[in-house]
Amino acid sequence: MSDKFLKDVYGLDSPQATKAHYQKWASSYDDEVGSNGYATPGRIARALWSQLPEPKTPILDYGCGTGLSGVALNAVGFEVVDGIDPTPQMLEGALAKGVYRNLTSFDITDPNPLQAGAYKVITAIGVIGVGAAPPETLDMLINALPSHGLLAFSYNDHTLEDHSYTVRLSEWLDMGAARLLFREYGPHLPGMDMKSDVYIVEKV
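This one's a predicted model, so the numbers in the text were calculated from it and none came from an experiment.

Draft legend 1. Representation of helix H6 (residues 88-97) in the model. Buried residues of H6: Met90, Leu91 and Ala94, and no others. Seen end-on, H6 carries its buried residues on one side only, within an arc spanning 100°. Exposed residues lying more than 90 degrees from the buried face of H6 are Glu92, Leu95 and Ala96. Looking one or two places after H6, you find Gly98, whose phi comes out positive at around 70°.

Draft legend 2. Looking closely at helix H7 (residues 136-144). Buried residues dominate H7, accounting for 7 of its 9 residues. Buried-residue contacts for H7 involve strand E1 (59-62), strand E4 (121-124), strand E5 (150-156), helix H9 (163-175) and strand E7 (194-203).

Draft legend 3. Quick look at the sheet that holds E1. Strand order across the open sheet formed by 7 strands is E3-E2-E1-E4-E5-E7-E6, with mixed pairing between neighbours. Edge positions in the sheet fall to strand E3 (102-104) and strand E6 (178-189), since each has one partner strand and no second. Across the sheet, the mean angle separating the axes of adjacent strands is 20° when strand polarity is ignored. The pairing of strand E2 (residues 81-84) with E3 spans 3 bridges and is parallel.

Draft legend 4. Seen up close, the packing of aromatic side chains. Taken as a whole and judged by the stated rule, the model has 6 aromatic pairs. Between Phe153 and Tyr199, the ring centres sit 4.8 Å apart and the planes meet at 20°, which makes this aromatic pair stacked. On the criterion of sequence distance, the pair formed by Phe153 in strand E5 and Tyr199 in strand E7 is long-range, its members being 46 residues apart. As far as burial versus exposure is concerned, Phe153 and Tyr199 are alike and both buried. Aromatic side chains Tyr155 and Tyr165 sit 5.9 Å apart centroid to centroid with 75° between the ring planes, which places their arrangement in the edge-to-face category. Here Tyr165 lies in helix H9 and Tyr155 lies in strand E5, a separation of 10 residues in the sequence.

Draft legend 5. Fine view of the nonpolar core. Tyr62, Leu114, Ile122, Leu138, Leu141 and Phe153 are the most contacted members of the largest nonpolar core, which has 26 residues in total. Apart from the residues lying within four places of it in its own chain, the contact partners of Phe153 are Ile44, Ala124, Ile128, Leu138, Leu169, Asp197, Val198, Tyr199 and Val201. The next biggest cluster of nonpolar side chains, apart from the first, holds 24 residues, and it includes Tyr38, Ala47, Val198 and Ile200.

Draft legend 6. Region of the structure containing the pattern of salt bridges. The tally for this structure, following the rule as stated, stands at 6 salt bridges. Residue Asp139 is joined to Arg168 by a salt bridge in which the shortest nitrogen-to-oxygen separation is 2.6 Å. Of this pair, Asp139 sits in helix H7 while Arg168 is found in helix H9, placing the two residues 29 residues apart along the sequence. Asp139 gets classed as buried once you look at its relative accessible area, which sits at 16%. With a relative accessible area of 24%, Arg168 lands in the partly exposed category. Across the pair Arg179 and Glu202 runs a salt bridge whose closest N-O atoms are separated by 2.4 Å. Note that Arg179 is positioned in strand E6 and Glu202 in strand E7, a separation of 23 residues in sequence. For Glu202, a relative accessible area of 11% translates into the label buried.

Definitions and limits used
Residues numbered from 1 in each chain as written. Predicted model: local features only at pLDDT ≥ 70, side-chain atom pairs only at ≥ 80, totals over all residues. Heavy atoms only, no water. Buried < 20%, exposed > 50% of the residue type's maximum accessible area, 1.4 Å probe, protein only. Helix = DSSP H or I, 4+ residues; strand = E, 2+ residues; numbered from the N terminus. Arc of directions from axis to C-beta. Contact = heavy atoms within 4.5 Å. Pairing = 2+ DSSP bridges. Axes fitted to C-alpha atoms, helices over the stretch in contact; angles between N-to-C directions. Phe/Tyr/Trp six-rings, centres within 6.5 Å; stacked < 30°, edge-to-face > 60°. Core = buried A, V, L, I, M, F, W, Y, C linked by side-chain atoms within 4.5 Å. Salt bridge = Lys/Arg side-chain N within 4 Å of Asp/Glu carboxyl O.

Here is the structure:
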């Protein structure tokens, strides 16, 4: 199987290019990342459960894609997961998984597509990073949380090398506006020898 879509994703440089790429990738996405051992969804789900083992807590899965993140969240015990993604073709895959309460789309160019305070927990699994969502997405997601809300997300190796992403997180932590509850470096796409940092951050 070709890894063309996976390799090309890290060169995307605009919201429009990103959406077009994922539209074309939707039908083969699960097979391609699965063949490379996509590990981050399970790692984030387990980390989140370790901090908040509450099955009925509603979770917003931001950038849910084809729903692999929702499957991982459901597998560890979370029962109420809503998904949101800008790509209708990816959402079709998520719907087929049968693990989401609600699934909605949004305009990828909208800088603030979320209702503030609507969810105590937001996940962004494999979403914020080079070729996907820009650094300011972290601000938008934390701002959408209520006080003491949790954001579970990841930065892959490509993203960790881009200081605009790591600095964004450091600013929240250094200001005392957010608190780091969990951080672990581990497998992301073992088939490509790529790893990721997994984070659980609490908004103060």
